[in-house]
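Topology and contacts: notes
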Amino acid sequence: MMRWMLILLLAALAFPALAQNAARLPMDQSYKAISISGFDVQNKGLSLLVSKGSGSDELKGSGNAGCNSWSATVILRDEQIDFTDIVTTKKMCGKPEMKAEDAFLTSLRSAKRWHVDGDKLIIEGDAARLMLKPGVAELKVEKKPAKRRPR
């Protein structure tokens with residue numbers, strides 16, 4: 001009997017701590033994507049920021065998808081996450097930038113879970129595993145060498 005009471009007491013103390021820890025998605029922290037399902041995307045300009053919406057308890061996600069800016073509503077339930085109503089600007093960029101943008105937005109649309117591992121924010125879903133780290137994303141456009149004119 002005493003053993004069961006001790007187990008129940010420990011469980012009651014542990015679960016609120018787990019719930020509080022799980023609900024602490026880093027807010028107002030700029031993150032840059034470093035990989036999508038293991039593919040390096042550090043130089044693709046992909047970023048994420050989650051913050052409270054102005055004047056409400058609603059969470060908003062925003063950032064750069066590589067070529068276009070994006071924003072969305074973020075729904076958190078403990079370690080579960082959903083990005084809904086994702087909207088982007090409509091610029092057209094080169095094929096490499098658009099390919100990275102499509103992969104990033106697909107990762108957000110399919111997101112189901114999140115967790116923090118050290119300084120990294122991991123967002124996982126059916127389509128991909130997105131790994132981000134604190135910082136400002138930089139887009140490095142690969143320039144093709146200039147063509148030489150024949151003489």
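Structure's up top.
The rules behind each value
Residue numbers here run from 1 along each chain, matching the order of that chain's written sequence. Reporting of local features is limited, given that this is a predicted model, to residues whose pLDDT is at least 70; pairs of side-chain atoms are given and counted only at 80 or more, and all residues count toward the totals for whole chains, interfaces and linings. With hydrogens and water set aside, each side-chain value is computed from the structure's full complement of heavy atoms. Here the term cavity refers to a set of points on a 1 Å grid, laid over the protein atoms alone, in which a 1.4 Å probe fits but cannot get out; the term pocket refers to an open set having protein on both sides within 12 Å along at least five of seven lines, with lining residues being those that place an atom within 4 Å of a point. Grid points are joined across faces, edges and corners, and a volume is the space filled by probe spheres set on the points. Only DSSP runs of H or I covering at least 4 residues are called helices, and only runs of E covering at least 2 are called strands; the numbering of each starts at the N terminus. Nonpolar cores are built from buried Ala, Val, Leu, Ile, Met, Phe, Trp, Tyr and Cys residues. Side-chain atoms within 4.5 Å join them into one set. Think of it in three bands: with a 1.4 Å probe and only protein chains considered, a residue is buried below 20% of the maximum accessible area for its type, exposed above 50%, and partly exposed in between. A pair of cysteine sulfur atoms is labelled a disulfide when the two atoms are within 2.5 Å. Between the first and last residue of a helix there are one fewer steps than residues, each counted as 1.5 Å, and that sum is the expected span. What qualifies as a polar contact is a pair of N or O atoms within 3.5 Å, subject to a donor-acceptor requirement within protein and to the restriction that residues adjacent in sequence count only when both atoms come from side chains. It only takes one pair of heavy atoms within 4.5 Å for two residues to be counted as in contact.

Moving on, we come to the layout of surface pockets. By volume, the largest pocket is sized at about 180 Å³. What lines the largest pocket is Ile-36, Phe-39, Asp-40, Val-41, Lys-44, Pro-96, Lys-99, Ala-100 and Ala-103. Contributions of two or more residues to the lining of the largest pocket are made by strand E2 (39–40) and helix H2 (95–109). Per element, the largest residue contribution to the lining of the largest pocket is four residues, and it comes from H2.

Turning our eyes to something else, we now look at the nonpolar core. Formed by 26 residues in total, the largest nonpolar core has its most connected members in Leu-48, Trp-70, Phe-83, Phe-104, Leu-108 and Ile-123. Of all the secondary structure elements, the ones that give two or more residues to this core are strand E1 (31–36), strand E3 (47–52), strand E5 (69–77), strand E6 (80–88), H2, strand E7 (111–117), strand E8 (120–125) and strand E9 (129–134).

Looking now at the state of the cysteines. Taken as a whole and judged by the stated rule, the model has one disulfide. Paired through a disulfide, Cys-67 and Cys-93 show a sulfur-sulfur distance of 1.9 Å. Its torsion about the S-S bond being 75°, the disulfide of Cys-67 and Cys-93 is classed as right-handed. Here Cys-67, found in the loop between strand E4 (59–64) and E5, pairs with Cys-93, found in the loop between E6 and H2; they are 26 residues apart in sequence, far enough to count as distant.

With 15 residues, H2 extends 21 Å between its outermost C-alpha atoms, agreeing within 8% with the 21 Å of an ideal straight helix rising 1.5 Å per residue. Taken together, the buried positions of H2 are occupied by Glu-97, Met-98, Ala-100, Glu-101, Phe-104, Leu-105, Ser-107 and Leu-108.

Tracing the chain through its elements places Ser-110 in the loop between H2 and E7. Of note is the side chain of Ser-110, whose polar atom sits 3.3 Å from the backbone nitrogen of Ala-127.

Before going further, it helps to spend a moment on the environment of Val-116. Looking at the secondary structure, you find Val-116 in strand E7. The class of Val-116 is partly exposed, set by a relative accessible area of 41%. Distance in space between the C-alpha atoms of Val-116 and Leu-25 is 8.0 Å, their sequence separation being 91 residues. If near-sequence neighbours (up to four positions away) are discounted, Val-116 is found in contact with Pro-26 and Leu-121.

Let us now look at the environment of Asp-85. Following the sequence through the fold, Asp-85 ends up in strand E6. For Asp-85, a relative accessible area of 62% gives the class exposed. With 12 residues separating them in the primary sequence, Asp-85 and Thr-73 have C-alpha atoms 6.1 Å apart. Setting aside residues no more than four positions away along its own chain, Asp-85 makes contact with Ser-71, Ala-72 and Thr-73.

Turning our attention to unusual backbone geometry. Of note, Asp-78 is a non-glycine position whose phi angle comes to about 55°, a positive value. Positionally, Asp-78 belongs in the loop between E5 and E6. Taking relative accessible area as the criterion, Asp-78 reaches 43% and is therefore assigned partly exposed. Here Asp-85, not a glycine, exhibits a phi torsion of approximately 55°, which is positive.

The quantities given are spatial measurements derived from coordinates; they are silent on function.
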